[in-house]
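If you want the building blocks of each chain, they are given just below.
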Amino acid sequence: MLDDDVVDAFEQVTRIARRRLGRHVDKIEVLSALLLLAADDASLRDQVVGTIGARPR
C-alpha cells in the first residue's frame, strides 16, 4: 500500500536503527518512535502535515 520510494525510505531508517543499536529493530518500533516524535514536537508535526498536504492523493 506504500509507494516504492516510501518503502525504500522506511527500510533505510530501519537498517540504520539496527546498525546503530546493534540489535534487531522491528518496523513497528520505527513507526511508533516516529509517531511519538511527531506528536511531541510541533515543528516536526507541521513538517509531517505539510508533507502530507504536498503529496497527491
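Above this text sits the structure in question.
Everything in this summary refers to the structure shown in the same document.

Scoring rules and cut-offs
- Residues numbered from 1 in each chain as written.
- Predicted model: local features only at pLDDT ≥ 70, side-chain atom pairs only at ≥ 80, totals over all residues.
- Heavy atoms only, no water.
- Axes fitted to C-alpha atoms, helices over the stretch in contact; angles between N-to-C directions.
- Helix = DSSP H or I, 4+ residues; strand = E, 2+ residues; numbered from the N terminus.
- Parallel < 35°, antiparallel > 145°, perpendicular 65-115°, else oblique.
- Contact = heavy atoms within 4.5 Å.
- Nonpolar A, V, L, I, M, F, W, Y, C, P; charged D, E, K, R; others polar.
- 1 Å grid on protein atoms, 1.4 Å probe; cavity = no way out; pocket = protein on both sides within 12 Å on 5 of 7 lines; lining within 4 Å.
- Points joined across faces, edges and corners; volume = space filled by probe spheres on them.

### Quick look at the packing of helix H1 (residues 4–21) against helix H2 (residues 27–40)
- Two elements in contact, H1 and H2, have axes whose closest approach is 10 Å; the angle formed by their N-to-C orientations is 100°. Considered as vectors, H1 and H2 are oriented roughly perpendicular to each other. Between H1 and H2, the contacting residues are Phe10, Glu11, Val13 and Thr14 on the first element and Lys27, Val30 and Leu31 on the second.
- Tallied by class, the residues present in the contact of H1 with H2 amount to four nonpolar, one polar and two charged.

### As for the layout of surface pockets
- In this model, the largest pocket occupies a volume close to 710 Å³.
- Val6, Phe10, Leu31, Leu34 and Val48 are, among the 16 residues lining the largest pocket, the residues nearest its centre.
- At the level of secondary structure, the elements contributing two or more residues to the lining of the largest pocket comprise H1, H2 and helix H3 (42–54).
- Along the lines of polarity and charge, the residues of the lining of the largest pocket split into twelve nonpolar, two polar and two charged.

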